[in-house]
Amino acid sequence: MGFLVVVGLLVLCGGVFSYVSIRSDTIPTRAWFRYGGLLVWLLLLGLLAGVCGRPAFENILAALVSAAAWFIFLANFFGNTIARWARAALSLDDMTVKPGYSRIEADIRRGAFDDALHRLRELADAHPRDPEPCRRRAELLLKLDRV
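Residues numbered from 1 in each chain as written. Predicted model: local features only at pLDDT ≥ 70, side-chain atom pairs only at ≥ 80, totals over all residues. Heavy atoms only, no water.

*Asks:* How would you sum up the overall build of the protein chain? Please name residues and give values.
*Replies:* Across its full length, the protein chain holds six helices and zero strands. In the protein chain, the succession of α and β elements from N to C terminus is α-α-α-α-α-α. Taken against the 2.2 N^0.38 rule, which gives 15 Å for 147 residues, the C-alpha radius of gyration of the protein chain at 28 Å runs more than 25% over that of a compact globule. Its C-alpha atoms give the protein chain principal-axis dimensions of about 90 × 25 × 20 Å. When the 147 residues of the protein chain are sorted by exposure, 28% land in the buried category. Here the analysis covers contacts within the protein chain between residues at least 6 apart in sequence; of these, 66% occur between residues at least 24 apart. Split by element, the accessible area of the protein chain, about 10200 Å² in all, is 65% carbon and sulfur. Of the charged side chains in the protein chain, 18 are positive and 14 negative; the average position of the first set lies 4 Å away from that of the second. (Helix = DSSP H or I, 4+ residues; strand = E, 2+ residues; numbered from the N terminus. Rg over C-alpha atoms; globule rule 2.2 N^0.38 Å. Buried < 20%, exposed > 50% of the residue type's maximum accessible area, 1.4 Å probe, protein only. Contact = heavy atoms within 4.5 Å. Areas by Shrake-Rupley, 256 points an atom, 1.4 Å probe, with all protein chains shown as cover. Lys, Arg positive; Asp, Glu negative; His and termini not counted. Charge placed at Lys NZ, Arg CZ, Asp CG, Glu CD.)

As structure tokens, then:
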């Protein structure tokens, strides 16, 4: 395989991986895309090193041009990898978010008790293990004398 063929493959593959990194929202988050692209880049760089033989100006220039084609993919790869490590270290993906009650409390202050009861019922259905929506609904029904 010739030098220009390997450089062409590097630029073409780098362009494709960088384009997909920019244009798609779901594909760059997949592990097969991230690590597959990194593996393709490393294999093509190894192939370029095998074809080049000794370092020369045109070889270094070709490696820099090919790195420019891979820049967006590599920035996306390393940026997302560091962000994933930080999220895992902080356990951000393991946190459970409690349902918000601000709209319900606003309905109660406004006097829209039927809307508040309906929203509390929806929250109780959406979060069956959380006793708080049922407790708040019961308190509101007691307040309204609708036991």
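*Asks:* I'd like to hear about unusual backbone geometry, residue by residue, with values.
*Replies:* A positive phi is found at Asp145, a non-glycine position, where the angle reads about 55 degrees. Take Asp145: its relative accessible area is 68%, and that puts it in the exposed class.

*Asks:* Can you explain the side chain of Asn76? Please cite residues and give values.
*Replies:* Following the sequence through the fold, Asn76 ends up in helix 3 (residues 57-90). Side-chain polar atoms of Asn76 contact the side chain of Asn80, separated by 2.5 Å. Discounting chain neighbours no more than four positions away, the residues touching Asn76 are Ser21 and Pro28. (Polar contact = N/O pair within 3.5 Å; in protein donor to acceptor, adjacent residues only side chain to side chain.)

*Asks:* Outline the packing of helix 2 (residues 31-52) against helix 3, listing residues and values.
*Replies:* At a minimum axis separation of 11 Å, helix 2 and helix 3 run at an interaxial angle of 155 degrees. Taken together, helix 2 and helix 3 sit at an angle that is classed as roughly antiparallel. For the pair helix 2 and helix 3, the sense of crossing is left-handed. Between helix 2, through Phe33, Arg34, Tyr35, Gly37, Leu38, Val40, Trp41, Leu44, Leu48 and Cys52, and helix 3, the contact on the second element is made entirely by Asn59, Ala63, Trp70, Phe73, Leu74, Phe77 and Arg84. (Axes fitted to C-alpha atoms, helices over the stretch in contact; angles between N-to-C directions. Parallel < 35°, antiparallel > 145°, perpendicular 65-115°, else oblique. Left-handed = near helix turned anticlockwise from the far one by under 90°.)

*Asks:* Please set out the nonpolar core residue by residue, giving values where relevant.
*Replies:* Generally speaking, a soluble globular protein has its nonpolar side chains buried in company with each other. Leu10, Trp41, Trp70, Phe73 and Leu74 are the most contacted members of the largest nonpolar core, which totals 14 residues. Sorting the residues of this core by element identifies helix 1 (3-23), helix 2 and helix 3 as the ones contributing at least two each. Setting aside its immediate chain neighbours within four residues, Leu74 contacts Leu38 and Trp41. By size, the runner-up hydrophobic cluster in this structure holds eight residues, among which are Tyr101, Ala116, Leu117 and Leu120. (Core = buried A, V, L, I, M, F, W, Y, C linked by side-chain atoms within 4.5 Å.)

*Asks:* How would you explain helix 5 (residues 113-126) if you had to name every residue and give the values?
*Replies:* Across its 14 residues, helix 5 extends 20 Å between first and last C-alpha, which sits within 8% of the 20 Å expected from 1.5 Å per residue. Restricting attention to buried positions, one finds in helix 5 the residues Ala116, Leu117, Leu120, Leu123 and Ala124. Viewed end-on, helix 5 has its buried residues packed into an arc of 120 degrees, placing them on one side of the element. Opposite the packed face of helix 5, turned more than 90 degrees from it, sit the exposed residues Asp125 and Ala126. Buried residues belonging to helix 5 abut helix 4 (102-110) and helix 6 (132-143). (Expected span 1.5 Å × (residues − 1). Arc of directions from axis to C-beta.)

That is the geometry; function is a separate question.
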